[in-house]
Amino acid sequence: MRSTPGTQAELATRATSDELVAELRAADVVVIGAPMYNFSIATGLRSWFDHVLRAGETFRYTEAGPQGLLEGKYVIVVESRGGLYSEGPAQAVDFQEPYLRHLLGFIGLRDVTFVRAERIGFGPEARAEAIAAATAALRDAAAPALARAA
Ligand SMILES: Cc1cc2nc3c(=O)[nH]c(=O)nc-3n(C[C@H](O)[C@H](O)[C@H](O)COP(=O)(O)O)c2cc1C
């Protein structure tokens, strides 16, 4: 909802958006959990982006093109997927990671580490392996965030 809110429902939606934008602005580190749903992101996460991508608040249009207004944040995105998309034939249908990278970059969040738990749907062994690998990768990804907090 990008125009001036008028109805109760619109005012409530704007209040939610204001709250989410304020929360994001205040964060030094942003951690996003992103399961792959139908080759892209889940509806709830998409809705969060709908609330925080706001012209004049988190990005603006300039003569040189759109400019992100959030700076100096570190983002960790944990992606879980039933299948394998980081290599092999399904790479072409990964509309999750490039989409997330673009959405985040659009509001100025370019320092992003993606942690992937893949082949979650390939049976208990593959699932356990995926979670162990992602946990180790998450530890590495968290190191810069922990260093900032120290
Ligand atoms: C509605 C729905 C759509 C999904 N679509 C995909 C998909 O397109 N590709 C994929 O690899 N996994 C897909 N999955 C599997 C999820 O990515 C996987 O369940 C998710 O990473 C979370 O893991 P969990 O179910 O073990 O919590 C889908 C799951 C659901 C519920």
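Residues numbered from 1 in each chain as written. Predicted model: local features only at pLDDT ≥ 70, side-chain atom pairs only at ≥ 80, totals over all residues. Heavy atoms only, no water.

J.: Explain the packing of helix α1 (residues 8-26) against helix α2 (residues 43-52) here, please?
T.: For any two helices packed against each other, one specifies the crossing angle of their axes together with the interaxial distance. The interhelical angle for the contact between α1 and α2, taken along N-to-C directions, is 90 degrees, at an axis separation of 8 Å. It follows from the interaxial angle that α1 and α2 lie roughly perpendicular. Of the residues in α2, those in contact with Thr-13, Thr-16, Ser-17, Leu-20, Val-21 and Leu-24 of α1 are Trp-48, His-51 and Val-52. Across the contact of α1 with α2, the residue classes tally to five nonpolar, four polar and no charged. (Axes fitted to C-alpha atoms, helices over the stretch in contact; angles between N-to-C directions. Helix = DSSP H or I, 4+ residues; strand = E, 2+ residues; numbered from the N terminus. Parallel < 35°, antiparallel > 145°, perpendicular 65-115°, else oblique. Contact = heavy atoms within 4.5 Å. Nonpolar A, V, L, I, M, F, W, Y, C, P; charged D, E, K, R; others polar.)

J.: How do you make sense of the pairing of strand β3 (residues 59-62) when you look at a structure like this?
T.: A regular strand places its side chains so that they alternate between the two faces of the sheet. Sheet topology places β3 next to strand β4 (residues 65-68); four bridges connect them, and they run antiparallel. Its bridge partner lying in β4, Tyr-61 is registered against Pro-66. Connecting β3 to the antiparallel partner β4 that follows it, the hairpin turn spans two residues. (Pairing = 2+ DSSP bridges.)

J.: Looking at this structure, how should I read the sheet that holds strand β5 (residues 74-80)?
T.: In any sheet, the strands associate via hydrogen bonds between backbone groups, in a parallel or an antiparallel arrangement. The four strands are arranged β2-β1-β5-β6 in an open sheet whose pairing can be described as mixed. What marks the edges here is a single partner per strand, and that holds for β2 (40-41) and β6 (112-117). Bridge count for strand β1 (residues 29-37) against β2 is two bridges, and the pairing is antiparallel. Bridge assignment links Tyr-37 to a residue of β2, and that residue is Ser-40.

J.: Would you explain the pairing of β5 in this entry?
T.: Within β5, five of the seven residues are buried, leaving the element largely enclosed by the surrounding structure. The pairing of β1 with β5 spans seven bridges and is parallel. The partner of Gly-33 across the bridge, within β5, is Val-78. Here β5 pairs with β6 via six bridges, running parallel. Following the sheet pairing, Glu-79 is matched in β6 by Arg-116. Tracing the backbone out of β5, into helix α3 (residues 97-106) and back to the parallel element β6 gives a crossover that is right-handed. (Buried < 20%, exposed > 50% of the residue type's maximum accessible area, 1.4 Å probe, protein only. Right-handed = clockwise from strand over helix to strand, strands pointing away.)

J.: Just to check I follow, could you spell out the nonpolar core for this structure?
T.: Grouped burial of nonpolar side chains is what soluble globular proteins tend to show. Counting residues in hydrophobic clusters, the biggest one holds 24 residues, and the most contacted among them are Ile-32, Phe-49 and Val-77. Put simply, the parts of the chain that give this core at least two residues each are α1, β1, α2, β5, α3 and β6. When residues in this core are grouped by element, the largest group, four residues, is from α2. Those residues in contact with Ile-32 that lie beyond four places of it in its chain are Leu-45, Trp-48, Phe-49, Val-75, Ile-76, Val-77, Val-78 and Leu-104. If you look at the next biggest cluster of nonpolar residues, it comprises seven residues, including Tyr-74, Val-115, Ala-141 and Ala-145. (Core = buried A, V, L, I, M, F, W, Y, C linked by side-chain atoms within 4.5 Å.)

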